[in-house]
Amino acid sequence: MAEMTLLQAVNSALHEEMARDDRVVVLGEDVGINGGVFRATDGLYNLYGSDRVMDTPLSESGIIGAAIGMAVYGLKPVPEIQFADFIYPAFDQIVSELAKMRYRSGGDFISPVVIRTPYGGGIRGGHYHSQSPEAYFCHTPGLQVVIPSNPRDAKGLLKSAIRGEDPVIFMEPKKIYRAFKQEVPEDDYVVPIGPANIVQEGTDVSIFCYGSMVSVAQKAAAKAAEAGQSIEIVDLRTLYPLDVETILQSVKKTGRAIVVYEAPKTCGYGAEISATIAEKAVEYLEAPILRVAGLDTPFPYTLEYVYMPHPARVYQAIQDVLAF
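Described below are features of the structure shown in this document. (Residues numbered from 1 in each chain as written. Predicted model: local features only at pLDDT ≥ 70, side-chain atom pairs only at ≥ 80, totals over all residues. Heavy atoms only, no water.)

With that settled, consider the overall build of the chain. Of the regular secondary structure elements, the chain holds 12 helices and 14 strands. Rg of the C-alpha trace for the chain: 19 Å, near the compact-globule value of 20 Å for 324 residues, within the 12% margin. With respect to the principal axes defined by its C-alpha atoms, the chain has extents near 60 × 40 × 40 Å. Relative to its full complement of 324 residues, the chain shows a buried share of 55%. Across the chain, every contact between residues at least 6 apart in sequence was considered, and the portion connecting residues at least 24 apart equals 83%. Looking at the chain as shown, the accessible area adds up to about 13,400 Å², and 52% of this sits on carbon and sulfur atoms. Distance from the positive charge centre (28 side chains) to the negative charge centre (40 side chains) of the chain: 2 Å. (Helix = DSSP H or I, 4+ residues; strand = E, 2+ residues; numbered from the N terminus. Rg over C-alpha atoms; globule rule 2.2 N^0.38 Å. Buried < 20%, exposed > 50% of the residue type's maximum accessible area, 1.4 Å probe, protein only. Contact = heavy atoms within 4.5 Å. Areas by Shrake-Rupley, 256 points an atom, 1.4 Å probe, with all protein chains shown as cover. Lys, Arg positive; Asp, Glu negative; His and termini not counted. Charge placed at Lys NZ, Arg CZ, Asp CG, Glu CD.)

Another aspect to go through is the packing of aromatic side chains. A full pass over the atoms with the stated rule returns 8 aromatic pairs. Ring centres of F38 and F83 lie 5.4 Å apart, and the angle between their planes is 65°; on these two criteria the pair is classed as edge-to-face. Here F83 lies in the loop between β4 (76-80) and α4 (91-98) and F38 lies in the loop between β2 (24-28) and α2 (44-48), a separation of 45 residues in the sequence. Measuring from ring centre to ring centre gives 4.6 Å for F299 and Y307, while their planes differ by 55°; the resulting arrangement is tilted. By the burial criterion, F299 is buried, and Y307 matches it. Among the aromatic residues, ring-to-ring pairing joins F38, F83, F86 and Y177 into one connected group. Over the aromatic face of Y301 sits the side chain of R124, whose NZ or CZ is 4.6 Å from the ring centroid. The ring of Y315 has K223 lying over it, and the distance from NZ or CZ to the ring centre is 4.3 Å. (Phe/Tyr/Trp six-rings, centres within 6.5 Å; stacked < 30°, edge-to-face > 60°. Lys NZ or Arg CZ within 6 Å of the ring centre and 35° of its normal.)

The contact between helix α8 (residues 213-226) and helix α12 (residues 311-323) brings their axes to 8 Å, and the two run at 55°. Comparing their axes, α12 and α8 come out oblique. Of the two possible hands of crossing, α8 and α12 adopt the one that is right-handed. Counted together, V216, K219, A220, K223 and A224 of α8 and P311, V314, Y315 and I318 of α12 form the full contact between these two elements. (Axes fitted to C-alpha atoms, helices over the stretch in contact; angles between N-to-C directions. Parallel < 35°, antiparallel > 145°, perpendicular 65-115°, else oblique. Left-handed = near helix turned anticlockwise from the far one by under 90°.)

Attention now moves to unusual backbone geometry. With an omega of 5°, the peptide bond running from Y240 to P241 counts as cis. Here P241 shows up in the loop between β12 (238-240) and α9 (244-254). In the Ramachandran plot, D30 falls in the positive-phi region, its phi being about 65° despite a non-glycine side chain. Mapping D30 onto the fold places it in the loop between β2 and α2. In this model, R237 sits at a positive phi of 65°, which is unusual for a non-glycine residue.

Counting 46 residues, the largest nonpolar core has I94, I115, F208, L236 and I273 as its most contacted members. Filtering out sequence-adjacent residues up to four positions away, I273 remains in contact with F208, L236, L242, I247 and V259. (Core = buried A, V, L, I, M, F, W, Y, C linked by side-chain atoms within 4.5 Å.)

What follows concerns the sheet that holds strand β13 (residues 257-264). Strand order in the open sheet formed by 5 strands is β9-β11-β10-β13-β14, and the pairing between neighbours is mixed. In the strand order of this sheet, the two ends are held by β9 (197-200) and β14 (290-294), each with one partner. Taken over all neighbouring pairs, the strand axes of this sheet differ in orientation by 25° on average, direction set aside. Here 3 bridges tie strand β10 (residues 205-209) to β13, and the two strands are oriented parallel to one another. Within β13, the residue paired with F208 across the bridge is V259. Those strands touched by α8 are β9, β10, β11 (231-235) and β13, and its axis lies near 175° from that of β11. Docked against the sheet, α12 engages β10, β11, β13 and β14, running at close to 165° with respect to β14. (Pairing = 2+ DSSP bridges.)

It is worth spelling out a nonpolar patch on the surface at this point. A cluster of nonpolar side chains, namely L295, L303 and V306, defines an oily patch on the protein surface of about 260 Å² accessible area. Along the polypeptide, L303 turns up in the loop between β14 and α11 (304-307). (Patch = residues over 30% accessible without salt bridge, like charges linked within 9 Å, V, L, I, M, F, W, Y side chains within 5 Å. Salt bridge = Lys/Arg side-chain N within 4 Å of Asp/Glu carboxyl O.)

Rendered as structure tokens:
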């Protein structure tokens, strides 16, 4: 085992997959000589050169368009969008071309592009470097959407994504890039795309979360435990495909559900979880489903802590569903 941060785990996965498969290429703004703005691609350029690690112009549409063409011709591109906030110029390429390539060609062409992008708040980046646009891509058939919450999962999920044959939006919570280290296997391993992970088991309330919100939920659950309250935490890991069975099993056990995510509350991914529970397990509920989310405003700079879900807000939601 090796101790790694989430950022180091991403870098390790890229190194290993590029060594394993010479079809894997990396492209994006400053990913080459500089190793990326967060240093996620550090060291790749020196090992594989400019043919496989390509610095690109500041053109997200161009980056993704080029990656789609590479993939159709047999490569395995892993483009980086420097911040998820900058992904919108490439939105048409992603939802109109990348997501539909297999369908529109009747399976004759595939486009296995893995788009890596840091997302979310927590680094005082203001409204242009802190957004959480995951719901846009979950709404698009043909895309897989993956968000790790820890180093081990980050490496294993990224390796699975690169080895797959479908396009993946791989969103990395930059708030926890360097927040903590975890033991990560040194042997080759993958974490399958699809299954959620039960971070801790409980009997009173189920919390569904992903990315940096998992650690927020854990802190709130630890405080609740002091009062004798048993909280189950489910890390979704994959937003699409969604592990519906694990969600339903958890709710049927606890009878209470909270969804925690840092995107704006309205039409955020928590609405999909809430609707799924309401459709398939409403008879098991003992309280309304609560969402603890970002506010329906642009992401602020000076009031970041107020905007983002934090342990106190999640703890209050726990008390509210238990008191209902």
